[in-house]
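Breakdown of the fold
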Amino acid sequence: MQPIDEARKLFEDRFGSCPEAISIAPGRINLIGEHTDYSDGFVFPVAIDRHIAVAASATDGPSELFSSEFGESTPFDVGQESPKEGWGRYAAGMAWTMRRAGLPLSTNIQAVVCSDLPTASGVSSSAALELAFAVLWNHLDSLGADAKRLALLAQECEHVHAGVQCGVMDQLACALGRAGHAMFIDTRTLDVTYAKIPAAIEIVLCDTGSRRDLGSAPYNERRESCTAASQALGVKALRDASLSDLNGTWTDRGSVLYRRAHHVVSENERCKQFLDALSENRLDQLGAIMAASHESLRSDFEVSSDGLNAMVEAARRSAGCIGVRLTGAGFGGACVALVQANQVKPFVTQTEDEFRVTEPNLNPNLLVCQAVDGARVIG
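So, a few notes on the structure that sits alongside this text. (Residues numbered from 1 in each chain as written. Predicted model: local features only at pLDDT ≥ 70, side-chain atom pairs only at ≥ 80, totals over all residues. Heavy atoms only, no water.)

One pass over the full model with this rule turns up 20 salt bridges. Here Asp5 makes a salt bridge to Arg8, at a shortest N to O gap of 3.4 Å. Of the two residues, Asp5 and Arg8 both sit in helix α1 (residues 3-15), three residues apart, roughly one turn of that helix. In this structure, Arg317 engages Glu313 in a salt bridge whose closest nitrogen and oxygen atoms are separated by 3.7 Å. The network of salt bridges with shared partners includes Glu34, Glu267, Arg270 and Arg325. (Salt bridge = Lys/Arg side-chain N within 4 Å of Asp/Glu carboxyl O. Helix = DSSP H or I, 4+ residues; strand = E, 2+ residues; numbered from the N terminus.)

Here's what the structure looks like:
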C-alpha cells in the first residue's frame, strides 16, 4: 500500500473520521556534491519517489501524532516549547520554529505518519518529515510561506531540535524537487538549476543496511573542521577557496584540515563538471566524476565505511553501471548508482549478490528511484 493510502486508512481507523488534509514529502538522493552545503558550496540532489505521508485534522486538545513505524509520540501544544526527545520532536520542532519565525501557526492536530522511505540510510528521512509537517501547517493555517522559506525553517529545526548542524541541501531538495529532473543548487544564493535526467539513465539507491546516527559527534566534527579550515585560509567559507589557496597555506598535505578542505574544494568543482556532463549526456565522464567523489569522501573526508566501500565495488563491477558513490553524510547508509536503463535488473541482482558475499552480516536493499516533485498537500 502506498504511504498516502496507508496514512488515510490508518487515520480513519485511529480517529474515526476522514483527515482534513494529507501532505507528502519525498526523500532525496544526492548525485554529487557531498559535505559542501555547509560551506556555501554546490550540490546536485534529486527528490525521489519514496515519501513520508501525513494525514491530519485540527483538534482542540494537544497535538497527537502516531507513526506506523515508531508508534505514538509525546503530545505537544504548538504554542509551547516542543519536546526534545523521540521522533515527534521533528514535527513539534517544526511548529515551534515556524512560530518563532513570525508565522501565525496555531492549529493543533491529530495526525498519522506513514512512509516507504528508508530511515538512517542517507536519503533525508528527517528532512522529509520536517517538510511534510511544514507544508501541512502552511496549508491548515493559510500561512502563505513559499517552499524555500519552509526549507530554511526546516534546516533550523534540524539544528535546534535534532542537534545536527546540517547544510540546507536536504530540505531544499525535499521542498523544490521537480519530476524528471535533478537540481544543481548553489547553497549560498539558493539558486536552483534543473537538469533533466536522460531517459537512458536510471537512479538506483544501494542501501547497505548499516544504520547511522548523525546526531552523534562525527558529522558536527566535520563541519567544525571546515569552519576551522576556512578561517585558516581567511575566507568566508570553503566555497571561496581554490586548490592553489590550499596548497599555498598548508605544506603538510596529510594534515586533517588540509584533507577536509581539499575534499570540499575539489567536490565543488566536480559538481559543476557533473552538470556539464549530464547536460551533454557524457556518461563516461559522469562515472569518472562519481568515482573521484567517492575516493575523496573515503580518503580526505573519511566518512565512508567498510559497507559503503564494499557496495561501491560491487556496483562498479555489475552490468550497466555508469557510476557509483556514497550518498548522504556517510558513516553508514547508502550509495547511489547511475545505471543504463536497459541493464537495471541484472545490475540489481549482481550488485546485491556480490555485496552479500563481501558483507554477510548486512542486509542490503536496492531501490530503483524516479525523480519527483517536492513536498506538497494533496488533499
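Glancing now at helix α2 (residues 89-100). Here α2 spans 16 Å end to end across twelve residues, near enough to the 16 Å set by a 1.5 Å rise per residue. When you tally the buried positions in α2, you get ten out of twelve residues, the bulk of the element. Among the residues of α2, those classed as buried are Arg89, Tyr90, Ala91, Ala92, Gly93, Met94, Ala95, Trp96, Thr97 and Met98. Here the buried face of α2 lies against β4 (64-67), α3 (125-140) and α4 (147-162). Once α2 ends, the next one or two residues include Gly102, with phi positive near 100°. (Expected span 1.5 Å × (residues − 1). Buried < 20%, exposed > 50% of the residue type's maximum accessible area, 1.4 Å probe, protein only. Contact = heavy atoms within 4.5 Å.)

Counting buried residues along strand β6 (residues 109-115), six of its seven residues qualify, which places the element largely inside the surrounding structure. With seven bridges connecting them, strand β3 (residues 45-58) and β6 associate as antiparallel partners. Each bridged residue has a counterpart across the sheet, and for Val54 the counterpart in β6 is Val113. With four bridges joining them, β4 and β6 adopt parallel strand pairing. By the bridge assignment, Ser67 is partnered in β6 with Val113. (Pairing = 2+ DSSP bridges.)

Read these as spatial facts, not as claims about activity.
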